[in-house]
Amino acid sequence: MKAVNIYMEANPNPNSMKFVVNFMLLQEGVSFDYPNIESAKESPLAQELFNIPSVERVFYMSNFITVTKSESVEWPEIQNEVKNVIKPYLENEKPLILQELEKDPLFDENDSEVVKQIKGILDEYIRPAVEQDGGAIGFASFNDGVVKVNLQGSCSGCPASAVTLKSGIENLLKRMLPNDVREVVAEGV
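From a predicted model like this one, the values you see are computed outputs, not experimental measurements. (Residues numbered from 1 in each chain as written. Predicted model: local features only at pLDDT ≥ 70, side-chain atom pairs only at ≥ 80, totals over all residues. Heavy atoms only, no water.)

1. A look at the environment of Leu173
Here Leu173 lies in helix 4 (residues 161-176). Through-space distance from the C-alpha of Leu173 to that of Ile126 is 9.9 Å; in sequence the pair is 47 residues apart. Setting aside residues no more than four positions away along its own chain, Leu173 makes contact with Ile118, Ile121, Leu122, Val147, Pro178, Val181 and Val184. (Helix = DSSP H or I, 4+ residues; strand = E, 2+ residues; numbered from the N terminus. Contact = heavy atoms within 4.5 Å.)

Encoded structure:
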């Protein structure tokens, strides 16, 4: 049985809580976002978490699991229940996901030079800050000066994500790539 320590960390989204464990769950840059139980077919742990009635989203990255709850309950009402699902699951070393990853999903050798620069900036400057808040950012596309990103985990549905997107991510990309980037928009928020 594996020794598992879990601590909780709040983030800007009041309906999300980061459950941080004492070891890496996934390799650097890899994340899984489950907005509902139907999307969690490949993740037995996420399915178990969705059995808690107020759990609305489950997100895995690095050494944490971000759980988003409904607004109708407060964290003190369900946080122990969530921990009591995660801890024994990880202690018994059950698989987090039922699929294997072949390569880093962020980088593709067929990308244009500008797309490589955008992804590099997202990876180096943006991703660590977003991860700190229990979420993730993914590159979706770049077309005609518009960068589209996917916000996952606690960032999805967070009241602060629009501000982060425009005043943080968009300003940084425009400053670093002034001739290429006009706007940054989020898909599926």
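Having seen it, we continue.
2. Let's talk about the sheet that holds strand 2 (residues 16-21)
The strands making up a sheet associate through backbone hydrogen bonding, with each pair oriented either parallel or antiparallel. If you trace the five strands from one edge of the open sheet to the other, you get 1-2-5-4-3, paired in antiparallel fashion. Looking at the sheet topology across the chains shown, the edges are occupied by strand 1 (6-10) and strand 3 (31-34). Averaged over all pairs of adjacent strands, the angle between their axes in this sheet comes to 20°, without regard to strand direction. Pairing of strand 2 with strand 5 (residues 64-69) involves five bridges; the strand directions are antiparallel. Note that in strand 5 the partner of Lys18 across the bridge is Thr66. (Pairing = 2+ DSSP bridges. Axes fitted to C-alpha atoms, helices over the stretch in contact; angles between N-to-C directions.)

3. As for the confidence of the model for the protein chain
Close inspection of predicted coordinates is inappropriate for parts of the model with low pLDDT. Per-chain confidence: the protein chain averages 85 in pLDDT, with 89% of residues scoring 70 or above. Looking across the protein chain, the model is least confident in helix 4, with a mean pLDDT of 79, and most confident in helix 2 (residues 75-91), with 96. (pLDDT = per-residue confidence, 0-100.)

4. Some remarks on the packing of aromatic side chains
Each aromatic ring pair is specified by the distance between its two centres and by the angle formed by the two planes. Scanning the model with the defined rule gives four aromatic pairs in all. Summarising the aromatic geometry, the rings of Phe32 and Tyr34 are spaced 6.4 Å apart at their centres and angled 5° between planes, so their arrangement reads as stacked. Tyr34 sits in the buried class, given a relative accessible area of 4%. On the basis of an interplanar angle of 45° and a centroid distance of 6.2 Å, the ring pair of Phe59 and Phe64 is categorised as tilted. A relative accessible area of 2% places Phe64 in the buried class. Taken together, the ring pairs connect Phe32, Tyr34 and Tyr60 into an aromatic cluster. Note that Lys2 overlies the ring of Phe23, its terminal NZ or CZ placed 3.9 Å from the centroid. A cation over an aromatic ring shows up here: Lys18 above the ring of Phe64, its NZ or CZ 4.5 Å from the ring centre. (Phe/Tyr/Trp six-rings, centres within 6.5 Å; stacked < 30°, edge-to-face > 60°. Buried < 20%, exposed > 50% of the residue type's maximum accessible area, 1.4 Å probe, protein only. Lys NZ or Arg CZ within 6 Å of the ring centre and 35° of its normal.)

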